Amino acid sequence: MLDIKNVVTNQFYNPKGKNQKFLEMKRLLDQKCAANLRLLATKNNINRASDYHYLNLAVSQSTDPVNGIDYIHPVVKPTVDYVTAVVSKGLAPNGEINFEFVPDGEDDSAAARQATQMVSKIINQQNDPHIMLQHWIMDAMLHKNGEMMIAPVREQIVRYITTTGTESQLQAFEAQAADAGLTALRQTKRKKDVDIQTVIKESQEQQKGMGDDAIMQQLQDLIDVSGRVAGGGEAVTEEDLADPITPETMQLEEGPGMIRDSIRRNTSYEAKYKLTGYNINIRFRPIAQHYWMCDPTVINIQDQPFCGFYDPMTIAEAYERYPEIDLDLFKEYAEYSNVGAYQAGSLLNNLALHARDSVPINGLPNSGYAAQDPYSRQVTVLTVWNRWDIDGDGELELVETVYSGMYIISAKEVEFIPVANMCPKPLAQNFYGMSIAESVVPMQEYATSGHRAEIQLGLLTATPRYGVKPDRVDFEMLQDGEAAIFVLDSKFDPATDVWAMPVPNGNISFIESALNRMQQDTMALVGMTTPQDTFNPEVMAAGNSGLKLQLAMGPNQIIQDNTVRNCAAGLKDAIWLVWRTLIQYGDDYGVKKLAQNAHPDKTPVFLDAQSFDDMNFCERAQIHIELAMGMKSEENSLQRLQIIKQAQTGLMQEEQQMVAIHAITPEIFKKIRKPYEDTLYTLGVKDCDVYLPTEEEVMTMVKQAMAAQPQPDPKAAEMVQAAAMADIAAKAAKAKLDNARADQIGADVQGNTAERQLEGYSLVAEGKAKAYA
């Protein structure tokens, strides 16, 4: 597996062919970067125009001053600021990014919730989501796309701990540290004490026939020998470890070995450990769009065959970001920019100067002191991801390379590109979209021209203009408004030699209607179809009221929702990258500590990382983000508390009913509690145990209820039993009587009695007589 750090390419050559694949890829990277930097020049010309219009700076052939009028009507800045604020509110309605990993099934719900809580803590607590979204969204609104790099920050943790315990306890301590993501290095181990009583007890249990005196004698010999060894005495032989075998001690032949093992088990030690681990945080590092390069025909950033960015920085900044670099080699072989010392033949820098940042800021004035301070010299560091068959197995690997000139800071195979892309207005089949700023730049140019025409007409109207014969009156004194006018000719006639110029009489009433149309066009480009529209996305979510759904079906709302959802797609990529980064560093102490707080059983196990280790991959691709469902208010907070109270009351009622019929069990309680857990989790309650009773609390309550029930009186029990027996006897007698009556009725029906039989015979005889007659 490729893993190269801090090498120079011209010192990396191997005649036997080793590393030839990497050197070939490095040469190809230089060509790819040069070609893509040429492509950046065209894109950055548009972005540069957008930035200048946003800053209300004069742009050549656009908003240059005309006749001394340099007024620029602001259209780009208010539009970009407005849309940025609304999209920020749409993605983080309550000041936080509220999202949820959708589980694959009921069995995956615990892992999905743990992943949600871990990533939410990284984004909303260890970072500032508002600042992150503000920079990211504004970059996308100004520069077509916004790239955000998900950069893990691992801070080393070092702790020195002194602990006491037996050999097995020390091993358990080391195993516990390993499970927590810490590496335990034992520095010292000193014998402290032996638990004699436990040794004697174990020896008596193992050797029933051994007397106490024999055990004590063997124990004393072994302790003396171990003491000599610990004190650095003479060498110990096998004769010192066992008593001579005599007829009296024949049955104790196995005794010394067992006692020795018992002593070893019950000997306590004092050990000093150095625990090392890594605490993890994830930073959202914006990548300037004017430094970004990729294949513009590939839409998804994870499918890019080649992408990356270059980053101008000083040598001091490079050393701070990459502290493991060889500073002397880096200063010699890095790629310098034109500020300070320049390295000849730097093609990439020449191109980078033409495609560099569109913000009109040249940076620090390093040229003055770069010669005196070598660490202030500017270099260009490139970070690129390239798909290349680096190991010759016929499969393309994703290789991340960070380098400057011929100095390779790092090169390694990676599993994903840690960059999320936000594109609010995508173009079909194109990676680069259309920014909000460049959409309304023409509106700013047109509005500026119209307003300048109004201003110029007003100036011409308000400024008096005079015509004068130059040979009769000093015109300069007249224009300056001098009280005494120097008359050049005695034949001066003020009625004919000085006259007022006519006021301009142009009709500019059409300009107002034209500016109104420009305003409507600007709103239509943003997504507001009428002057009364406001950019306020409510998002067509299930469960909204009918009025909201009617509003959502309008073209204004659909366009706005589409903008927010396009930005939410980039945010989903960032959330997924945070989760994937936590998987990558799942063995770190910081990740395990984070997982322990979110684990249902409070154990330091990251369930998704464990699934990855078990080759049971789950990509967590389905992410639900809460979009613009409203700001927090007292009304919403009170309603939320009422729902929580209703959930508590409903669960307690069901528990009491189950307890009353003695049908409550831990398994049944989990099933009863599950709907209430889901209800509170939907409200944003991540730890339901704060509001709902746990299984242990319910079982304790059941035991207390059973203990509080009054005990039955024995005499009362006997009376109840006697009454029950009497009732049983009465019921038996009644049943016997009922049976006799039933037999009598059956006999009457069937003619079993003598009377019924005589009647039957007479009837038969009567029938025969009639038949013979």
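As a reminder, the structure under discussion sits directly above these lines.
Conventions adopted
One numbering rule holds for all chains: residues counted from 1, following each sequence as written. Selection of residues for local features in this predicted model requires a pLDDT of at least 70, selection of side-chain atom pairs for listing and counting requires 80 or more, and totals for whole chains, interfaces and linings are taken over all residues. To get the side-chain values, take all heavy atoms of the structure and skip hydrogens and water. Helix numbering and strand numbering both begin at the N terminus, where a helix is a DSSP run of H or I of at least 4 residues and a strand a DSSP run of E of at least 2. Each residue is placed in one exposure class: buried if its accessible area under a 1.4 Å probe, protein chains only, is under 20% of its type's maximum, exposed if it is over 50%, and partly exposed if it falls in between. Two residues form a contact once any of their heavy atoms are found within 4.5 Å. Only the protein chains shown count as cover for residues, with accessible areas throughout obtained via the Shrake-Rupley method and a probe of 1.4 Å. At least two DSSP bridges between two strands are needed for those strands to be called paired. Angles here are taken between N-to-C directions and fall from 0 to 180 degrees, while the axes themselves are lines fitted to C-alpha atoms, restricted in helices to the stretch in contact. The charged-residue count follows a simple rule in which Lys and Arg add positive charge and Asp and Glu add negative charge, with His and chain termini not counted at all. Salt bridge, as applied in this entry: a Lys or Arg side-chain nitrogen positioned within 4 Å of an Asp or Glu carboxyl oxygen. Among buried residues, the Ala, Val, Leu, Ile, Met, Phe, Trp, Tyr and Cys ones that are joined through side-chain atoms within 4.5 Å form a nonpolar core. For the purposes of these results, a polar contact is taken to be a pair of N or O atoms within 3.5 Å, where, inside protein, one atom must be able to donate a hydrogen and its partner to accept one; residues adjacent in sequence count only when each atom of the pair is a side-chain atom.

A. Representation of the overall build of the protein chain. Broken down by element type, the protein chain carries 24 helices and 14 strands. Looking at the protein chain residue by residue over its 773 residues, the buried ones come to 39%. Taking the intrachain contacts of the protein chain between residues at least 6 apart in sequence as the baseline, contacts between residues at least 24 apart amount to 75%. By element, 54% of the accessible surface of the protein chain is carried by carbon and sulfur atoms, the whole surface being about 44000 Å².

B. Looking closely at the sheet that holds strand E3 (residues 146-166). The four strands lie next to each other as E4-E5-E3-E11, forming an open sheet whose pairing is antiparallel. Taken across any chain shown, the strands that pair with only one partner, and hence form the sheet edges, are strand E4 (183-194) and strand E11 (419-422). Pairwise comparison of adjacent strand axes, ignoring direction, gives a mean angle of 20° for this sheet. Sheet topology places E4 next to strand E5 (residues 267-287); 10 bridges connect them, and they run antiparallel. Bridging across to E5, Arg-186 finds its partner in Tyr-273. Helix H4 (residues 129-142) rests against E3, E5 and E11 of the sheet, and its axis sits at about 155° to E3.

C. Examining the side chain of Lys-43 more closely. Assignment of secondary structure puts Lys-43 in helix H1 (residues 20-54). At 6.4 Å, Glu-147 is the nearest oppositely charged side chain to Lys-43, a buried residue that forms no salt bridge. Excluding its chain neighbours within four sequence positions, the residues that come into contact with Lys-43 are Lys-144, Gln-289, Trp-292 and Tyr-432.

D. Structural context of the pairing of strand E10 (residues 407-413). The element E10 is extensively covered by neighbouring structure, given that six of its seven residues are classed as buried. With five bridges connecting them, strand E1 (residues 3-8) and E10 associate as antiparallel partners. Bridging from a neighbouring strand, Val-8 pairs with Tyr-407 of E10. Two successive antiparallel strands, strand E9 (residues 397-404) and E10, enclose a turn made up of two residues, where Gly-405 displays a positive phi of approximately 65°.

E. Quick look at the nonpolar core. Formed by 65 residues in total, the largest nonpolar core has its most connected members in Leu-91 and Ile-575. If one sorts the elements of this core by residue count, helix H17 (residues 555-584) sits on top with 12 residues. Sequence-distant contacts of Ile-575, defined by excluding residues within four places in its chain, comprise Ile-97, Phe-99, Phe-101, Val-119, Ile-123, Ile-623 and Ile-625.

F. Here's a closer look at the side chain of Thr-84. When you line up the elements, Thr-84 lands in helix H2 (residues 76-91). Of the polar contacts made by the side chain of Thr-84, one reaches the backbone oxygen of Val-80; its length is 2.6 Å. Residues in contact with Thr-84, not counting those within four places in the same chain, are Gln-134, Ile-137, Met-138 and Met-141.

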